[in-house]
Amino acid sequence: MKDLLRKFPTTRLRRNRLKSGLRSILAESDITVNDLIQPIFIKENLSGYEPIVSMPDVNRIGENVLKSELQKIVDVGIKAIAVFPVIDEKKKDPLGSEAYKQDNFLNNSISKIKDLFPELITIADVALDPYTDHGHDGVLNESGDVDNDLSLEALKKQALFLAKAGSDVVAPSDMMDGRIKVIRDALEEENYKDTVILSYAAKYSSKFYGPFKDAVESAKFFGNKTKDTYQMSPTNKLEALHEVAMDINEGADIVMIKPGMPYLDIVSSVKEAFKIPTFVYQVSGEYSMLKSAIANGWLSEEVIRESLVSFKRAGADCILTYSALEVAKNL
Ligand code: PBG
């Protein structure tokens, strides 16, 4: 490499930047529609749309508009959605028991989505937070902390029902130890051997999830607690590699890093180290920061595309982003 570095003016790096066509054909990374996954929020007993105040241009959607919303996503060529349920408050309890009923709102919705759009890949979170009245991702022990092994039992049942409902991908986002193995074993045993496990392998305990908690209406249940005893500390990078290695060994097909922009170094290191499909989640807070600055005229809309390219450059194969539809329309 060193010998190849020629000197000015033999080498003028600006030559390659002079024309738009040249810039395009020399692009090392770019966004295509196949890089984008659209998360959606579906709300039980809702008719029409309900805006999420802390997430500009994102709505909770009711069952009666689900089909037309999905049609828009399919029409631009997006291949996959991540479906998040907003559950009736009355159904929340300390054990999140609504999560592991076959006949619950999310499972019914997934079956319906797969009937309407069989080709559209559905991804569903495995975690109890939309269903617990304390807002944690698992069940609590006597001292009030999330109990790992008790939670595994609940998550296993939840994942099985999601697979049974027809979800192509189950995505454990709870960060309990051993969950991938427990879920993989259960899926094999029950003959759901083709259900893909997308592990939120390196999920940080991040304040960037704030608007999501509004979106799924768990904010008021969660208050100002933290998930620090199960999600990772933002200070740690080597631990992320350990988490990812464990999840691959336990049977994850795809791993995910979350949040995105503040954790690009993790995306890059994970991809380099493991060379397996690696997704990144541009989370609610990242989305809202960009959108609110754009709405104020402080940033131009192009920052969204730029942020997504940064994920590709870091090595991500695919991006969950609330901007998927909007970006796909303009590709
Ligand atoms: C639930 C879950 C969260 C997100 C996705 N799944 C929130 C959390 O862990 O507190 C965050 C997504 C976002 O902020 O856009 N386990």
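Let me begin by describing the structure that accompanies this report. (Residues numbered from 1 in each chain as written. Predicted model: local features only at pLDDT ≥ 70, side-chain atom pairs only at ≥ 80, totals over all residues. Heavy atoms only, no water.)

## Describing the site of the ligand
Here is the rule we go by: To be near a molecule or strand, a residue needs just one of its heavy atoms within 4 Å of it. Polar contacts, as counted here, are pairs of nitrogen or oxygen atoms within 3.5 Å of one another; within protein the pair requires one atom able to donate a hydrogen and one able to accept it, and residues that are adjacent in sequence qualify only if both atoms are side-chain atoms. In this description, accessible areas are obtained by the Shrake-Rupley approach with a 1.4 Å probe, and a residue is regarded as covered only by the protein chains that are shown. Each cavity reported here is a set of points on a 1 Å grid over the protein atoms alone in which a 1.4 Å probe fits but cannot get out, each pocket an open set with protein on both sides within 12 Å along at least five of seven lines, and each lining residue one with an atom within 4 Å of a point. Think of it this way: if more than half of a molecule's atoms are within 2 Å of a pocket's grid points, that molecule is in the pocket or cavity. Under the convention adopted here, Pro, Cys and the residues Ala, Val, Leu, Ile, Met, Phe, Trp and Tyr are nonpolar, Asp, Glu, Lys and Arg are charged, and Gly plus all remaining residues are polar.
In the vicinity of the ligand there are 16 residues, among which D125, K203, K258, S284 and Y322 approach most closely. K203 is positioned with one of its side-chain polar atoms (N or O) 2.6 Å from an oxygen atom of the ligand. Residue S284 places a side-chain N or O atom 2.7 Å away from an oxygen atom belonging to the ligand. The protein chains hide 100% of the 400 Å² of surface that the ligand would expose on its own. Most atoms of the ligand, that is more than half of them, are within 2 Å of grid points of the largest cavity. Partitioned by chemical class, the residues of the shell around the ligand number six nonpolar, three polar and seven charged.

## Details of the nonpolar core
Note the cut-off: Residues grouped as a nonpolar core are buried Ala, Val, Leu, Ile, Met, Phe, Trp, Tyr and Cys residues, joined through side-chain atoms within 4.5 Å. Only protein chains enter the area calculation, which uses a 1.4 Å probe; residues under 20% of their type maximum are buried, those over 50% are exposed, and those in between are partly exposed. The helix and strand labels rest on DSSP assignments: H or I over at least four residues marks a helix, E over at least two residues marks a strand, and numbering proceeds from the N terminus.
In this structure, I40, I42, L70, I81, L106, I266 and L308 are the most contacted members of the largest nonpolar core, which totals 74 residues. Among the elements that take part in this core, helix α4 (residues 148-165) stands out by supplying eight residues, more than any other. Counting residues in each nonpolar core, the second largest holds 27 residues, with A80, V86, M256 and F279 among its members.

## Looking at helix α8 (residues 238-250)
In an α-helix, one full turn covers 3.6 residues, which means residues spaced three or four apart are oriented alike. In plain terms, the rule: Helix span, expected: 1.5 Å multiplied by one less than the number of residues in the helix. In this description, contact between two residues means that some pair of their heavy atoms is separated by no more than 4.5 Å.
Taking 1.5 Å of rise per residue, the 13 residues of α8 would be expected to cover 18 Å, and the 19 Å separating its terminal C-alpha atoms lies within 8% of that figure. Buried residues along α8 sit in contact with α5 (179-189), β7 (196-203), β8 (254-258) and α9 (264-274). Positive phi shows up at G251, right after α8, with a value of about 120°.

## Comments concerning α5
To keep things clear, this is the line we draw: Picture the helix axis, draw a direction to every C-beta atom, and the arc is the one those directions span.
Regarding α5, the residues found buried are R179, I180, I183, R184, A186 and L187. The buried residues of α5 occupy one face: seen down the axis, they fall within an arc of 165°. The elements touched by buried residues of α5 are β5 (121-126), α4, β6 (169-172), β7 and α8.

## Re the packing of α9 against helix α11 (residues 302-314)
The criterion, for reference: Helix axes are fitted to C-alpha atoms over the stretch in contact, other axes to C-alpha atoms as well, and angles between N-to-C directions run from 0 to 180 degrees. Roughly parallel means an angle under 35 degrees; roughly antiparallel means over 145; roughly perpendicular covers 65 to 115; every other angle is labelled oblique.
Between α9 and α11, the least distance of the axes is 8 Å, while the angle of their chain directions is 30°. Regarding the angle of α9 to α11, the classification is roughly parallel. Between α9 and α11, the contacting residues are L264, V267 and S268 on the first element and S310, F311 and A314 on the second. Here the residues of the contact of α9 with α11 sort into four nonpolar, two polar and no charged.

## Quick look at the side chain of R179
Tracing the chain through its elements places R179 in helix α5. Polar contacts involving the side chain of R179 include one to the side chain of D247, which spans 3.3 Å. Setting aside residues up to four positions removed in sequence, R179 forms contacts with L152, P172, S173, D174, S199, Y200, D247 and E250.

## What to know about a positive patch on the surface
The condition that has to hold: Exposure above 30% relative accessible area and the absence of a salt bridge qualify a residue for a patch, where like charges join within 9 Å and nonpolar side chains (Val, Leu, Ile, Met, Phe, Trp, Tyr) within 5 Å. By definition, a salt bridge exists where a carboxyl oxygen of Asp or Glu is found within 4 Å of a side-chain nitrogen of Lys or Arg. Charge convention: Lys and Arg are scored as positive, Asp and Glu as negative, and His as well as the terminal groups of each chain are ignored. One atom stands in for each charge, and that atom is NZ of Lys, CZ of Arg, CG of Asp or CD of Glu.
Taken together, the side chains of R6, R12, R14, R15 and R17 define a basic patch exposed on the protein surface. Within the fold, R14 resides in the segment before α1 (20-25). A relative accessible area of 66% means that R14 is categorised as exposed.

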